[in-house]
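As a plain string of letters, each chain reads:
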Amino acid sequence: VLPLHPSLEAHLNELASVDKAQVYLSSSLAEKRIGGKTGLSETFKKIMNRAGIDCQTAEGNGSKRFSALSFHSFRHKFISTLANNNTPTDVRMQLVGHSSEEIHGNYTHLALQTLKKEIMKIPSLS
């Protein structure tokens with residue numbers, strides 16, 4: 001059991017009031033496979049393109065291309081937002097289902113403001 005943000009809970013309650021057996025947040029993405037040309041990630045890129053949002057696609061190693069803005073980037077943003085607001089690591093890991101701190105660390109991107117605030121905690125040397 002995980003808590004929901006009140007805004008998301010209200011939205012889900014609105015969807016539930018439609019009284020359909022299966023109501024999705026995004027019905028066009030609900031039953032997509034993750035990979036492949038018709039999978040979740042590629043479908044999300046098409047939605048972003050139609051909305052006029054640049055996915056910031058770049059070359060990876062070999063022939064693979066990566067998008068800085070992808071469906072998966074929501075996971076990075078969620079974890080990083082929590083980290084930048086001082087949510088303890090164990091709580092963040094539980095919310096996203098990570099069991100390894102090593103993997104979890106790859107998703108945590110601290111803002112420059114957060115880093116500066118932490119540096120200011122070091123006592124003066126004079």
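Whatever comes next refers back to the structure up there.
Keep in mind it's a predicted model, so treat the numbers as computed, not measured.

Participant: I'd like to hear about the pattern of salt bridges, residue by residue, with values.
Facilitator: One pass over the full model with this rule turns up two salt bridges. Note that lysine 45 and glutamate 42 form a salt bridge whose closest N and O atoms lie 3.0 Å from each other. Taken together, the positions of lysine 45 and glutamate 42, both in helix 2 (residues 40-50) and three residues apart, correspond to about one turn of that helix. Where glutamate 118 meets lysine 121, a salt bridge forms, and the shortest distance between an N and an O atom there is 3.0 Å. Here glutamate 118 falls in the partly exposed class, since its relative accessible area comes to 33%. Judged by relative accessible area, lysine 121 falls into the exposed class, the value being 57%.

Participant: Talk me through the environment of proline 3; I want residue IDs and the actual numbers.
Facilitator: Note that proline 3 resides in the segment before helix 1 (6-16). Overall, the relative accessible area of 65% leaves proline 3 in the exposed class. Through-space distance from the C-alpha of proline 3 to that of leucine 95 is 8.6 Å; in sequence the pair is 92 residues apart.

Participant: Please set out the packing of aromatic side chains residue by residue, giving values where relevant.
Facilitator: Scanning all chains against the criterion turns up one aromatic pair. Ring plane angle 75° and centroid distance 5.5 Å describe the contact between phenylalanine 44 and phenylalanine 74, whose orientation is recorded as edge-to-face. Of this pair, phenylalanine 44 sits in helix 2 while phenylalanine 74 sits in helix 3 (residues 73-84), and the two are 30 residues apart along the sequence. When its relative accessible area of 9% is taken as the criterion, phenylalanine 44 is described as buried. Note that arginine 75 overlies the ring of tyrosine 107, its terminal NZ or CZ placed 5.7 Å from the centroid.

Participant: Any chance you could break down the layout of surface pockets for me, citing the residues and the numbers?
Facilitator: Volume-wise, the largest pocket comes out at about 730 Å³. If you trace the largest pocket, you find 13 residues lining it, with Leu4, Leu8, Phe74, Phe78 and Leu95 closest to the centre. Of all the secondary structure elements, the ones that give two or more residues to the lining of the largest pocket are helix 3 and helix 4 (89-96). If you tally residues by element for the lining of the largest pocket, the top one is helix 3, at four residues. For the lining of the largest pocket, the per-class residue count stands at ten nonpolar, one polar and two charged.

Rules used throughout
Residues numbered from 1 in each chain as written. Predicted model: local features only at pLDDT ≥ 70, side-chain atom pairs only at ≥ 80, totals over all residues. Heavy atoms only, no water. Salt bridge = Lys/Arg side-chain N within 4 Å of Asp/Glu carboxyl O. Helix = DSSP H or I, 4+ residues; strand = E, 2+ residues; numbered from the N terminus. Buried < 20%, exposed > 50% of the residue type's maximum accessible area, 1.4 Å probe, protein only. Phe/Tyr/Trp six-rings, centres within 6.5 Å; stacked < 30°, edge-to-face > 60°. Lys NZ or Arg CZ within 6 Å of the ring centre and 35° of its normal. 1 Å grid on protein atoms, 1.4 Å probe; cavity = no way out; pocket = protein on both sides within 12 Å on 5 of 7 lines; lining within 4 Å. Points joined across faces, edges and corners; volume = space filled by probe spheres on them. Nonpolar A, V, L, I, M, F, W, Y, C, P; charged D, E, K, R; others polar.

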